[in-house]
Protein chains: 2
Amino acid sequence: MAEHIVRSYDEDLQSLRRRISEMGGIAEKMLVDAVAALVRSDMPLAQSVISSDSRLDLLQREVEESAILTIARRQPLAVDLRETISAIRVSGDVERIGDLAKNIAKRALAIGGEFQAQKIVAGVQHMSDLVLGQLKDVLDAYAQQDTVRALDVWQRDGAIDALYTSLFRELLTYMMEDPRNISFCTHLLFCAKNIERIGDHTTNIAETVYYLVTGETLAIDRPKNDRSIDLTKAGA
Amino acid sequence: MAEHIVRSYDEDLQSLRRRISEMGGIAEKMLVDAVAALVRSDMPLAQSVISSDSRLDLLQREVEESAILTIARRQPLAVDLRETISAIRVSGDVERIGDLAKNIAKRALAIGGEFQAQKIVAGVQHMSDLVLGQLKDVLDAYAQQDTVRALDVWQRDGAIDALYTSLFRELLTYMMEDPRNISFCTHLLFCAKNIERIGDHTTNIAETVYYLVTGETLAIDRPKNDRSIDLTKAGA
């Protein structure tokens, strides 16, 4: 293969990596800001989260298009092919994380000045901090092609699911105690669900890192710790 | 291009189409069965929905892998490239629809024998019927590369969002009237949200059909009719 083709392929990959790195930074900031807007009832901050999402959508389309053009033009094999496929997958997950953060920001706007139980909001904040740590770790694992770190993220998702379950139970209790809490707590239920789903996307990225480096697929069924669905069966 | 290559490329495409058609059939059935399980408290039916999901996941991986191998091997251009890209996108959306139907089935299991307000469950059924119509139409539009039909689906999503908003309001009212309704209605809130998200995936597929046929992208921001977030602001 002529050298200029090789160099050009590397440039394609670098451009993909650069865009995904930018996407990761935007998504992290959106999550932090969305939860801060929720906790502090900061409406302008919530608005700014909502506006950042379009940049993320644009970058995701660019990554997808460039990656596919790269595959068509350069016909990469083995690890090179996996790298382009992984770029498509990771950018898809990061874009969804942005969507979920945007949803939280929208709910922060909707809750607005309404009564807030700070203790409950603190639970959402705690869950979000945990997920944010996972997100940072998995984006680093992707940038460094570090399977050990990726597997660690993958395994830690159970803690987030457990926290979600406990928050879910607490929110239901609040709603049952006083009907005036219902509308506020319903928003928080969906916020907590959004954060839990962000956690799921971080494990998807971990699986992609593993596939990128090893060419193997992690077991599809990860043990889940989300008991929130069963919990409500008992009305708890 | 030698004829056997041409024929072989057509075979690749046909195999992708066949798999996506099978996926569509599975996803439609999962949605119908999940909602039927919810309405009739049919636990074995809910279980069967949950088991069907793994077939959908497998098919989606196969479509993704075959499509990318096709791109790498045949270097398709223009409409042929768009067809392989579209196969990846549509299979992704159909796989998510299956996940969402599985979530509804899990909640049907969790609700089990608990008290059910048939009027409210009927609202979920109605919303699901509307979304199922959209799903069938958009899968036909994809199979026949029919942009008129795809655009029609795309525009009709507003009706589903409006129905979701009204169901959401009704569920909140029930919860406020009697705390014993809270856990049951919380499940239905999430079920309704899942159905609304299935509607969003049908509009994604409509956008893909449009891109496949015309090479153009529909406006990213589709007018949304979901006012459920704002509604709860007024505690309604």
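Since the structure is predicted, the reported quantities are computational estimates derived from the model, not experimental observations. Numbers given for residues are sequential positions, taken from 1 along each chain in its written order. The lettering of chains begins at A and the numbering of ligands begins at 1, in the order of writing. Whole-chain, interface and lining totals are the exception, using all residues; otherwise, since this is a predicted model, local features are given only for residues with pLDDT of at least 70 and side-chain atom pairs are given and counted only at 80 or more. With hydrogens and water excluded, all non-hydrogen atoms of the structure serve as input to the side-chain values.

Details of the overall build of chain A
Then, number 1: For helices the rule is a DSSP run of H or I covering at least 4 residues; for strands it is a run of E covering at least 2, with both sets numbered from the N terminus onward. A count of helical and extended segments in chain A gives seven helices and zero strands.
Then, number 2: The order of helices and strands in chain A, counted from the N terminus, is α-α-α-α-α-α-α.
Then, number 3: Looking at the 236 residues of chain A, the share that counts as buried comes to 57%.
Then, number 4: Contacts in chain A between residues at least 24 apart in sequence constitute 86% of all its contacts with a sequence separation of at least 6. Relative accessibility decides the category of a residue: with a 1.4 Å probe and only protein chains considered, values under 20% of the type maximum give buried, values over 50% give exposed, and everything between is partly exposed. Contact definition: two residues touch when any of their heavy atoms are within 4.5 Å.

Side note on unusual backbone geometry
Residue and element names in this part refer to chain A.
Then, number 1: With a phi angle near 50 degrees, Gln145 is a residue other than glycine that sits in the positive phi range.
Then, number 2: Considering the arrangement of structural elements, one finds Gln145 in the loop between α4 (118–144) and α5 (147–177).
Then, number 3: Gln145 sits in the partly exposed class, given a relative accessible area of 31%.

Brief notes about the interface of chain B and chain A
Then, number 1: Facing 38 residues of chain B, the contacting portion of chain A comprises 39 residues.
Then, number 2: Both sides of the chain B and chain A interface together cover about 3600 Å² of buried area, and 63% of this is carbon and sulfur.
Then, number 3: Salt bridge, as used here, is a side-chain nitrogen of Lys or Arg placed within 4 Å of a carboxyl oxygen of Asp or Glu. Across the chain B-chain A interface, the total number found is two salt bridges.
Then, number 4: A:Arg89 is the salt-bridge partner of B:Glu64, the closest N and O atoms lying 2.5 Å from each other.
Then, number 5: Think of a polar contact as two N or O atoms within 3.5 Å of one another; within protein, one of them needs to be a possible hydrogen donor and the other a possible acceptor, and neighboring residues in sequence only count if both atoms come from side chains. Across the contact surface, chain B and chain A share two residue pairs in polar contact (both at pLDDT 80 or more).
Then, number 6: Mapped by element, the contributors of at least two residues to the side of chain B that touches chain A are α2 (43–74), α3 (78–111), α5 (147–177) and α6 (182–214) of chain B. Each of two parts loses accessible area, computed with a 1.4 Å probe, when they are put together; buried area is these two losses added.

What to know about helix α6 (residues 182–214) of chain A
Residues and elements named next belong to chain A.
Then, number 1: Compared with the 48 Å implied by 1.5 Å per residue over 33 residues, the 48 Å span of α6 between its first and last C-alpha is a close match.
Then, number 2: Burial analysis of α6 places 28 of its 33 residues in the buried class, the great majority of the element.
Then, number 3: Looking one or two places after α6, you find Gly215, whose phi comes out positive at around 80 degrees. A helix's residues, less one, multiplied by 1.5 Å, set its expected span.

Structural notes on the nonpolar core
Then, number 1: Here, the term nonpolar core denotes a set of buried Ala, Val, Leu, Ile, Met, Phe, Trp, Tyr and Cys residues that are joined through side-chain atoms within 4.5 Å. Of all hydrophobic cores here, the largest spans 150 residues; its most connected members are A:Leu188 and B:Leu188.
Then, number 2: Not counting residues within four places of it along the chain, the set of residues in contact with A:Leu188 comprises A:Leu38, A:Ile111, A:Ile120, A:Val121, A:Val124 and A:Leu171.

Structural notes on the packing of aromatic side chains
Then, number 1: A pair of aromatic rings is counted whenever rings of Phe, Tyr or Trp (Trp by its six-membered ring) have centres within 6.5 Å, and the orientation is called stacked for planes under 30 degrees apart, edge-to-face for over 60 and tilted otherwise. Tallied over the full model, the rule gives five aromatic pairs over all chains.
Then, number 2: Between A:Tyr164 and A:Phe168, the aromatic rings sit 5.9 Å apart at their centres with planes inclined by 65 degrees, giving edge-to-face as the arrangement. Taken together, the positions of A:Tyr164 and A:Phe168, both in helix α5 and four residues apart, correspond to about one turn of that helix.
Then, number 3: Taken together, the ring pairs connect A:Tyr164, A:Phe168, A:Phe190, B:Tyr164, B:Phe168 and B:Phe190 into an aromatic cluster.
Then, number 4: Directly above the aromatic system of A:Tyr211 lies the positively charged group of A:Arg89, at a separation of 4.8 Å from the ring centroid. A ring is scored as having a charge over it whenever the NZ atom of a lysine or the CZ atom of an arginine sits within 6 Å of its centre and within 35 degrees of its normal.

Considering the environment of B:Arg55
Then, number 1: Among the secondary structure elements, B:Arg55 is positioned in helix α2.
Then, number 2: If we skip the residues at most four places from it in the chain, B:Arg55 touches B:Glu22 and B:Ile26.

Let's talk about α2(B)
All names here are of chain B.
Then, number 1: Across its 32 residues, α2 extends 47 Å between first and last C-alpha, which sits within 8% of the 46 Å expected from 1.5 Å per residue.
Then, number 2: By the N-cap criterion, in which a side-chain oxygen at the helix start approaches the backbone nitrogen of a residue two or three places on, α2 is capped by Asp42, the distance to Leu45 being 3.1 Å.
Then, number 3: Positive backbone phi, approximately 45 degrees, marks Gln75, located one or two places after α2.

So, the side chain of B:Gln134
Residues and elements named next belong to chain B.
Then, number 1: For Gln134, the position within the fold is in helix α4 (residues 118–143).
Then, number 2: The exposure class assigned to Gln134 is buried, which follows from its relative accessible area of 2%.
Then, number 3: Not counting residues within four places of it along the chain, the set of residues in contact with Gln134 comprises Val153, Arg156, Asp157, Ile160 and Thr202.

A few points about the packing of helix α2 (residues 43–74) of chain A against helix α3 (residues 78–111) of chain A
The relative placement of two packed helices comes down to the angle between their axes together with the axis-to-axis distance.
Residue and element names in this part refer to chain A.
Then, number 1: Only the stretch in contact is used when fitting a helix axis, every axis being a line fitted to C-alpha atoms; angles between N-to-C directions are given from 0 to 180 degrees. At a minimum axis distance of 9 Å, the contact between α2 and α3 shows a crossing angle of 165 degrees. For the element pair α2 / α3, the angle class is roughly antiparallel. As α2 runs across α3, the sense of the crossing is left-handed.
Then, number 2: Amino acids outside the nonpolar list (Ala, Val, Leu, Ile, Met, Phe, Trp, Tyr, Cys, Pro) and the charged list (Asp, Glu, Lys, Arg) are all regarded as polar, and Gly is one of them. Along the lines of polarity and charge, the residues of the contact of α2 with α3 split into 17 nonpolar, seven polar and seven charged. Any angle that is under 35 degrees is reported as roughly parallel, and any over 145 degrees as roughly antiparallel; angles of 65 to 115 degrees are reported as roughly perpendicular and all others as oblique. Handedness of each helix crossing follows the sense of rotation of the near helix against the far helix: counterclockwise by less than a right angle gives left-handed, clockwise gives right-handed.

A short note on the confidence of the model for chain A
All names here are of chain A.
Then, number 1: Scored from 0 to 100, pLDDT reflects the predictor's confidence in each residue. Scored by pLDDT, chain A comes out at a mean of 88, with 87% of its residues at no less than 70.
Then, number 2: Put simply, helix α7 (residues 228–231) is where chain A has its lowest mean pLDDT, 59, and α6 is where it has its highest, 94.
Then, number 3: Ignoring residues within four places in sequence, the model shows residues 232–236, a span with pLDDT below 50, making 14 contacts including any to other chains.

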